[in-house]
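Descriptive analysis of the structure
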Amino acid sequence: MRFSILTATFVAQLVVSSVVFGGDATLGEDEISLKDGGMLRGTIVAIEPNKEATIVVNGKQRTIRWSKIDKVERGKYKSESKPAPPKDEDEDEDESSAQEGEPEQGAPRLFIESNYEGVELRHIERTLSVVTSRGMATGVMVRTACAAPCGRVIDGTDGSQFFFSAPGMVGSSAFSLSDKSGDVTARVRGGSAGKRLGGFLGVAIGGAAILGGLSMLLVSSIVPSGDDYQVPSFVVLGVGAAGVGVGAYLLATSGTKVEFLPRTPKSAGVRFEDGRLLF
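From a predicted model like this one, the values you see are computed outputs, not experimental measurements.

**A short note on the sheet that holds strand β4 (residues 60-65)**
Taken together, the 5 strands give an open sheet; going across it, the order is β4-β3-β2-β1-β5, and neighbouring strands pair in antiparallel fashion. In this open sheet, the two edge strands, each paired with only one partner strand, are β4 and β5 (69-73). Each strand axis lies, on average, 40 degrees off the axis of its neighbour in the sheet, ignoring direction. Summarising the sheet, strand β1 (residues 30-34) and strand β2 (residues 39-48) pair through 4 bridges and their orientation is antiparallel. Among the inter-strand pairings, E31 is bridged to a residue of β2, identified as R41.

**Side note on the pattern of salt bridges**
Enumeration according to the criterion identifies 8 salt bridges in this entry. Here K71 makes a salt bridge to E73, at a shortest N to O gap of 3.9 Å. The exposure class assigned to K71 is partly exposed, which follows from its relative accessible area of 41%. In this structure, E120 and R122 form a salt bridge, with 3.0 Å as the shortest nitrogen-oxygen distance. Owing to a relative accessible area of 24%, R122 belongs among the partly exposed residues under this scheme. Put simply, E31, K71, E73 and K76 are held in one network by salt bridges that share partners.

**So, the packing of aromatic side chains**
One pass over the full model with this rule turns up 3 aromatic pairs. When the centroid spacing of 5.1 Å and the interplanar angle of 65 degrees are considered together, the rings of F175 and F260 count as edge-to-face. Of this pair, F175 sits in strand β11 (residues 175-176) while F260 sits in strand β13 (residues 257-262); the two residues are 85 residues apart in sequence, bridging distant segments of the chain. Given the relative accessible area of 12%, F175 is considered buried. Of the residues examined, F260 reaches a relative accessible area of 22% and is grouped as partly exposed. Here a set of aromatic residues connected by ring pairs shows up, and it is made of F162, F164, F175 and F260.

**What about the sheet that holds strand β6 (residues 109-114)?**
Pairing is mixed across the open sheet formed by 4 strands, whose spatial order is β9-β6-β12-β13. For this open sheet the edge positions go to β9 (150-153) and β13, each flanked by a neighbour on one side alone. Recorded for the sheet is a direction-independent mean angle of 25 degrees between the axes of neighbouring strands. Alignment of β6 against strand β12 (residues 183-189), held across 6 bridges, turns out to be parallel. Its bridge partner being in β12, F111 is matched across the sheet by T185.

**Concerning the nonpolar core**
Grouped together as the largest cluster of nonpolar side chains are 17 residues, with contacts concentrated most on L110, I112, L121, I154, F162 and F164. Secondary structure elements with two or more residues in this core: β6, β8 (135-147), β10 (161-165) and β12. Apart from the residues within four sequence positions on either side, I154 is in contact with G106, A107, P108, L110, L121, A145, C146, F162 and L177. Grouped together as the second largest cluster of nonpolar side chains are 9 residues, I44, I55, V57 and I69 included.

**Notes on the side chain of S160**
In this fold, S160 is placed in the loop between β9 and β10. Of the residues examined, S160 reaches a relative accessible area of 10% and is grouped as buried. Within polar-contact distance, the side chain of S160 engages the side chain of D158 at 2.5 Å. Ignoring any residue separated from it by four or fewer positions in sequence, one finds S160 in contact with H123, F175, S176 and L177.

**Re helix α4 (residues 193-220)**
The α-helix advances 3.6 residues per turn, and as a result positions three or four apart in sequence lie on the same side. With 28 residues, α4 should cover 40 Å at 1.5 Å per step; its first-to-last C-alpha distance of 41 Å lies within 8% of that length. Here α4 starts with a cap whose side-chain oxygen sits 3.3 Å from the backbone nitrogen of G194, and that cap is S192.

**Some points on the side chain of D30**
As for its placement among the helices and strands, D30 is situated in strand β1. The buried charged residue D30 lacks any salt bridge partner; its closest oppositely charged side chain belongs to R74, at an N-O distance of 4.9 Å. Polar side-chain contacts of D30 include one of 2.8 Å to the backbone nitrogen of I44. A polar atom in the side chain of D30 sits 2.7 Å from the backbone nitrogen of G75. In contact with D30, not counting residues within four places along its chain, are L40, R41, G42, T43, I44, I55, E73, R74, G75 and Y77.

About the criteria used
Residues numbered from 1 in each chain as written. Predicted model: local features only at pLDDT ≥ 70, side-chain atom pairs only at ≥ 80, totals over all residues. Heavy atoms only, no water. Pairing = 2+ DSSP bridges. Helix = DSSP H or I, 4+ residues; strand = E, 2+ residues; numbered from the N terminus. Axes fitted to C-alpha atoms, helices over the stretch in contact; angles between N-to-C directions. Salt bridge = Lys/Arg side-chain N within 4 Å of Asp/Glu carboxyl O. Buried < 20%, exposed > 50% of the residue type's maximum accessible area, 1.4 Å probe, protein only. Phe/Tyr/Trp six-rings, centres within 6.5 Å; stacked < 30°, edge-to-face > 60°. Core = buried A, V, L, I, M, F, W, Y, C linked by side-chain atoms within 4.5 Å. Contact = heavy atoms within 4.5 Å. Polar contact = N/O pair within 3.5 Å; in protein donor to acceptor, adjacent residues only side chain to side chain. Expected span 1.5 Å × (residues − 1). Lys, Arg positive; Asp, Glu negative; His and termini not counted.

Following this line, the structure appears as structure tokens:
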């Protein structure tokens, strides 16, 4: 009798272990790690940074104070919830072309040419708005659709927004592919992120210098020995104006420009631009 009880206990523990540690998809895709070493796996339904997070675990909703949370990981177990179906080895060939299909209106086959390396097409999946005790914060969730030179069919028939990005490059403005069809070449002339930062600094420092020069001029008109401040104040004003001018120029020329062209033998040819060979 004792042997039967021990056997039943062992089997029960084995079943529980297989559910908890075997990656059961019904547990949810998200995870909240706690500072005391514990964790909760389920589906996160609400996050209020610096306040609390709410997660549904086995059908029960639990709200955790932010002070107890170590890390929030959305979609950590997403791959487990959608296991890949088995496929034959013969299906590997031309798999990507079979999934992508043929170009159509709003879903062009896109090729990327750029003066920057590592350019990626990013798909804006959704915009998130989080309400906190200090106000509302807004952000976006993106994923990489393809990397240069691409050459894949990109589905934008639902009006999705995309943009281009690369290390050290200013991200392009968001755009839609709903008006594109067939084979399309995107020429991305990237703007330097360092150049843009220099522009902001130039405008900020130059503006501060202008305020300082004006203050010195005001003082020179009030104090008896104000003539001694006039020359330095004009020098500071000149430096400030030059800083603002240079900063404004850097900002105006640091943007990323994108041009879409029908892909023809001419647009797909080799050309020399900015010291680089582009194909």
